[in-house]
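An overview of the molecular structure
Now for the letters of each chain:
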Amino acid sequence: MGFDKPPVDYYLRPYYIAAEAHFKKFLKYCIGSIPRHKIISNYVRNIMKAKKEVPKFIFSFHSELSHDSINLIQGMDVDLEDFMKDLEISGILNNTVLIVMSDHGHRFSTIRETQQGKLEERLPFMFFRFPTWFEKVYPTAYRNFIENKKILTTPFDIHKTLMDILHMTGLETDDQEFKIPNNSSSRQMSLFRIIPENRTCAMAGIEPHWCACLSWKNLEINSAIVRRAAYELINKVNDITHTNRRACAELMLSRIISASSLYPKEALMKFKKSSDMDGRVPDLSDKGGITHVIIQITVETNPGMGHFEASLQYDTKQDDFRINVRNKIILSKKGLSLSQINEAFAFRILKSVELMLMAFKRTVLTRIHR
């Protein structure tokens with residue numbers, strides 16, 4: 001398949017149609033001594049370097065290494081780094097918006113059958129690289145772009161963003177345009193303009209079975225699972241402080257203040273495959289079920305009536321909890337995080353050693369003077 005008349009000035013498909021018949025002659029993923037992904041990147045590099053003064057739009061797509069395996073893609077790492085460094089050194093990136101993206105996450109092999117795999121499938125990689133001067137000339141657009149990273153976005157928004165780029169003249173007065181927010185009722189929104197924080201999958205035109213947004217559900221604080229989570233948290237804190245028991249008392253649960261769980265939407269977990277070509281008609285026959293739940297809990301402890309808040313991952317199959325210390329927060333007068341506890345202890349120890357040395361120095365000096 002192809003076009004009678006190529007739709008673009010530089011079209012690589014005829015080359016690949018001819019080359020595919022020869023793939024078996026060479027090492028896998030290579031043409032001659034050159035990896036096939038480098039054939040594409042070299043082609044793009046040459047086009048970008050030719051006629052630098054002429055505006056260009058280039059779309060290049062490679063899926064051979066990433067489509068059916070989560071391991072092979074690392075074989076491109078060094079070559080992709082060299083490609084981007086060369087564009088930087090040659091000055092091409094000084095007037096180019098570079099987007100590295102995927103159309104979807106990994107959705108084949110056994111990982112697709114897991115809860116995490118279903119989320120990955122719906123969360124494609126998206127990376128933007130702007131010229132170094134872009135933030136200065138378009139501070140509002142750049143600031144909005146950074147803020148929008150925290151908000152639900154879709155590939156339709158990339159199209160709207162590209163349309164905005166087409167009308168950028170390089171004048172600082174252009175930046176005023178980006179103070180006008182997006183139309184909240186539109187399916188596509190520019191990343192250079194504020195996107196509403198309350199945007200939902202329905203507002204963005206995303207079908208329920210493709211929605212990767214998680215939902216919070218309040219939990220009964222006296223339930224068995226919540227009490228287990230509370231004791232897991234306190235045991236973790238006590239485990240961290242056990243070597244400093246002279247400075248820190250062993251904590252006990254006083255009360256559970258609040259608890260909630262974060263879990264995927266039902267339609268996402270039941271989705272097995274698309275029943276049509278466009279992915280709009282879902283087959284919701286998957287019986288896999290939820291395997292991991294995030295439980296956020298706030299407790300009060302004795303002695304001291306300290307408030308601890310933490311997010312614990314509960315594995316429903318293994319029936320156990322996992323706590324990432326660096327992500328936990330202690331809500332107290334001092335406001336230390338669990339990851340800071342060890343630093344605080346280290347500071348105390350160093351301070352004690354410093355005071356001891358100072359006292360030793362004073363004693364020695366006193367004896368010398370005597």
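Since this is a predicted model, take the numbers as computed values, not measurements. Sequence order as written defines residue numbering, which begins from 1 separately in each chain. In keeping with the model being predicted, local features are shown solely for residues with a pLDDT of at least 70 and side-chain atom pairs are shown and tallied solely at 80 or more, while totals for entire chains, interfaces and linings include all residues. In computing side-chain properties, one takes all heavy atoms of the structure into account and sets aside hydrogens as well as water.

Observations concerning the pattern of salt bridges
- Salt-bridge detection follows one rule: a side-chain nitrogen of Lys or Arg within 4 Å of a carboxyl oxygen of Asp or Glu. Scanning the entire structure with this criterion turns up twelve salt bridges.
- With its nearest N and O atoms 2.9 Å apart, the salt bridge here joins Asp86 to Lys49. A residue pair is termed long-range when its members are at least 10 positions apart, and Asp86 in helix α3 (residues 77–89) and Lys49 in helix α2 (residues 36–49) qualify at 37 residues.
- Exposure is judged per residue with a 1.4 Å probe applied to protein chains only, and the accessible area is read against the type maximum: over 50% gives exposed, under 20% gives buried, and values in between give partly exposed. By relative accessible area, Lys49 is classed as partly exposed at 33%.
- Here Arg129 ties to Glu88 by a salt bridge, and the two come within 2.5 Å at their closest N and O atoms. A residue pair is termed long-range when its members are at least 10 positions apart, and Arg129 in strand β4 (residues 126–129) and Glu88 in helix α3 qualify at 41 residues.
- Exposure remark for Arg129: the relative accessible area of 17% places this residue in the buried category.
- One network of salt bridges, in which partners are shared, links Arg45, Lys49 and Asp86. Secondary structure elements are defined from DSSP: runs of H or I of at least 4 residues count as helices, runs of E of at least 2 residues count as strands, and each element is numbered from the N terminus.

Brief notes about the side chain of Ser190
- With respect to the helices, strands and loops of the structure, Ser190 is situated in the loop between α7 (155–166) and β5 (214–218).
- Take Ser190: its relative accessible area is 0%, and that puts it in the buried class.
- Residues in contact with Ser190, not counting those within four places in the same chain, are Asn148, Asp157, Lys160, Thr161, Asp164, Asn182 and Ile195. Throughout, a contact is declared for two residues whenever any of their heavy atoms are within 4.5 Å.

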